[in-house]
Amino acid sequence: EIKGFIFDLDGVITDTAELHYRSWKKLADEEGIPFTREDNEQLRGVSRRKSLELLLNGREVPEEKKLEMMDRKNNYYKEFIKQITEEDLLPGAKELLDELKSRGYKLAVASASKNAKPVIKNLGVEHVFDQISDGYSVEKTKPAPDLFLYTAKQLGLKPEECVVIEDAEAGIEAALAAGMTAVGIGPEERVGKAHFRYDKVADINLDDILA
Ligand code: BG6
Ligand code: MG
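Keep in mind that what you see is a predicted model, and the values were worked out from it rather than measured.

Undergrad: Any chance you could explain the nonpolar core here in plain terms?
TA: Within soluble globular proteins, side chains that are nonpolar tend to cluster in buried spots. Phe7, Phe148 and Val164 are the most contacted members of the largest nonpolar core, which totals 52 residues. Val164 has contacts with Ile6, Phe148, Ala175, Met180, Thr181, Ala182 and Val183, leaving out every residue within four places of it along the chain.

Structure representation (structure tokens):
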């Protein structure tokens, strides 16, 4: 029996996937590294360090410079997220959260981002969640199941009682590895392994998932 819903943040509740992309793109341009929107698809849901490694694509860079680059990207990102307001909730996200809440489900965010808390605060949905797990909560990031397992535990739920909503391939893998029901948001190529798939959050059909 499903008792809780665990939401990814970036690309599910709000389109910060775009802001992460613009921040990496700015860094890549400054460094003369080619980086396209298509390349960025691989970075969805992936940690800051792993994202940098993917962007560097085999280029050798000293550790000190890597730290500086991650810091620079994060500063650009922090500038972007200052502007976030409740208008930046993706269509259907607030309605879905309110509906689940009124039906009595436990609700959580499980994001790989160390910036998740300020983003949720700016979106004005902090109070909706029973648990907010972020990039500080566990060591092993998605596609490891750790963040979702930790979140379920905090909610007092078993993995099989949880539904995960994710836009990233790494996130779907993590949800499946955790033994949870996985709902993918996005194209087949990216989230096709999920139990359910929708193009957009607004398309989610709760009755299908809960049946
Ligand atoms: C994930 C995003 O939620 O968080 C990734 O999908 C991002 O794009 C990752 O790299 C880590 O975020 P941050 O804010 O800690 O750099
Ligand atoms: Mg995401």
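Undergrad: How should I be thinking about the site of ligand 1 in this particular structure?
TA: Around ligand 1, 19 residues are found, and the nearest of them are Asp10, Arg48, Ala112, Ser113 and Lys114. Every element with two or more residues in the shell around ligand 1 is listed here: helix 1 (16-31) and helix 3 (48-56). In terms of residue class, the shell around ligand 1 is made up of 6 nonpolar, 9 polar and 4 charged.

Undergrad: I tried to follow the sheet that holds strand 5 (residues 181-185) on my own but got confused; where do I start?
TA: Across a sheet, paired strands are connected by hydrogen bonds in the backbone, their directions being either parallel or antiparallel. Strand order across the open sheet formed by 6 strands is 3-2-1-4-5-6, with parallel pairing between neighbours. The sheet is open, and its two borders are formed by strand 3 (131-133) and strand 6 (196-198), each paired with just one other strand. Averaged over all adjacent pairs, the angle separating strand axes in this sheet is 20 degrees, with direction ignored. Direction of pairing for strand 1 (residues 4-7) relative to strand 4 (residues 162-166): parallel, over a ladder of 4 bridges. By the bridge assignment, Gly4 is partnered in strand 4 with Cys162. Each of strand 1, strand 2 (106-110), strand 3 and strand 4 is contacted by helix 7 (residues 146-155), which is oriented at about 160 degrees to strand 3, the strand it contacts most.

The rules behind each value
- Residues numbered from 1 in each chain as written.
- Chains lettered and ligands numbered in written order.
- Predicted model: local features only at pLDDT ≥ 70, side-chain atom pairs only at ≥ 80, totals over all residues.
- Core = buried A, V, L, I, M, F, W, Y, C linked by C-beta atoms within 7 Å.
- Buried ≥ 20, exposed ≤ 12 C-beta atoms within 10 Å, placed from the backbone.
- Contact = placed C-beta atoms within 7 Å.
- Near = placed C-beta within 6 Å.
- Helix = DSSP H or I, 4+ residues; strand = E, 2+ residues; numbered from the N terminus.
- Nonpolar A, V, L, I, M, F, W, Y, C, P; charged D, E, K, R; others polar.
- Pairing = 2+ DSSP bridges.
- Axes fitted to C-alpha atoms, helices over the stretch in contact; angles between N-to-C directions.

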